[in-house]
Amino acid sequence: MAILKNMDNNKEKNRNEQKDTKGNAIKNDGMQSSQLMKLFEDSLKDLYWAEKALTKALPEMAKKATSAELVDALNHHLTETEVQLERIEEIFELIEKKAVTKKCDAIEGLIKEGQSIMKECEEGSMRDAGIISAAQKIEHYEIASYGTLKTFAHTLGLKQIAELLEETLKEEKAADEKLTEVAMSAINIQASENEVESD
Ligand SMILES: [Fe+2]
């Protein structure tokens, strides 16, 4: 209920503050808020599907990875993903909607791309590099999606939900940074091996 009240307050705020580029007040009778709420709900369903798919894709990637650091990073993110799923379910509860998935074509495509890279690359550092690249593309999609969803929540006056989304967003960004670190250290090891070989 508190959320719905916040939304009403926010509608009131929008009515008072929104102006177009010429400074004319934009008519806002709540229609925009309800359309945004619908978009918010659809995006949440999309992410719910994506996170569920990732709980299957991440272990598959970890199984095919060689570097212990990469395996750790993927397993750690799998644990986070399980918590992220619970957060999404909590958000559905807060907006008083049933938690349902909506197929996310983008994540499905990115997961498929990762699978074909793993199939094509020989086990070892090359396959690890391919796994990192696929996982980072997935993270970037999630960062963009959670960022947008958080902005929607702010606009709708859903403060508690925006905070939950921020927690997940931070984890996604940290996971992406960790993957960059793993990639950099793998490149360094590779470079030092090459140096030894050429001595
Ligand atoms: Fe995630």
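Source: prediction; values computed, not measured. (Residues numbered from 1 in each chain as written. Predicted model: local features only at pLDDT ≥ 70, side-chain atom pairs only at ≥ 80, totals over all residues.)

Enquirer: Looking at this model, I keep getting lost on the overall build of the protein chain. Mind explaining?
Expert: Helix and strand content of the protein chain: six helices and zero strands. For the protein chain, the α and β elements follow one another from N to C terminus as α-α-α-α-α-α. Counting every position in the protein chain, which comprises 199 residues, the buried fraction comes to 28%. When contacts within the protein chain are restricted to residue pairs at least 6 apart in sequence, those whose partners lie at least 24 apart make up 72%. (Helix = DSSP H or I, 4+ residues; strand = E, 2+ residues; numbered from the N terminus. Buried ≥ 20, exposed ≤ 12 C-beta atoms within 10 Å, placed from the backbone. Contact = placed C-beta atoms within 7 Å.)

Enquirer: Even after reading the chapter, I still don't get the packing of helix α4 (residues 105–120) against helix α5 (residues 125–155), so can you show me in this structure?
Expert: Pairs of packed helices are described in terms of their axes, by the angle between the two and the distance that separates them. Taken N-terminus to C-terminus, the directions of α4 and α5 make an angle of 175°; their axes are 9 Å apart at the nearest point. Taken together, α4 and α5 sit at an angle that is classed as roughly antiparallel. Residue-level inspection shows A106, I107, L110, E113, G114, I117 and M118 of α4 in contact with α5, the latter providing R127, G130, I131, A134, K137, I138 and Y141. Tallied by class, residues from the contact of α4 with α5 come to nine nonpolar, two polar and three charged. (Axes fitted to C-alpha atoms, helices over the stretch in contact; angles between N-to-C directions. Parallel < 35°, antiparallel > 145°, perpendicular 65-115°, else oblique. Nonpolar A, V, L, I, M, F, W, Y, C, P; charged D, E, K, R; others polar.)

Enquirer: Explain the nonpolar core here, please?
Expert: The tendency in soluble globular proteins is for nonpolar side chains to be buried as a group. Of all hydrophobic cores here, the largest spans 36 residues; its most connected members are A135 and A153. Listing elements by their share of this core, those giving two or more residues are α2 (31–64), α3 (68–94), α4, α5 and α6 (159–198). Ignoring any residue separated from it by four or fewer positions in sequence, one finds A153 in contact with F40, L158, I161, A162 and L165. (Core = buried A, V, L, I, M, F, W, Y, C linked by C-beta atoms within 7 Å.)

Enquirer: Would you explain the packing of α2 against α4 in this entry?
Expert: Packing of α2 against α4 brings their axes to within 11 Å, and their N-to-C directions diverge by 10°. Relative to α4, the element α2 lies roughly parallel. Residues A50, A53, A57, M61 and K64 of α2 form the contact with α4, whose participating residues are I107, E108, I111, G114 and M118. Looking at the contact of α2 with α4 residue by residue, the classes come out as seven nonpolar, one polar and two charged.

Enquirer: Would you mind showing me how to read the confidence of the model for the protein chain here?
Expert: Interpretation of this model should avoid reading the predicted coordinates in detail wherever pLDDT is low. Predicted confidence across the protein chain gives a mean pLDDT of 87, with 79% of residues reaching 70 or more. In the model of the protein chain, helix α1 (residues 2–17) stands out as the element of lowest mean pLDDT, 51, in contrast to α3, which has the highest, 97. (pLDDT = per-residue confidence, 0-100.)

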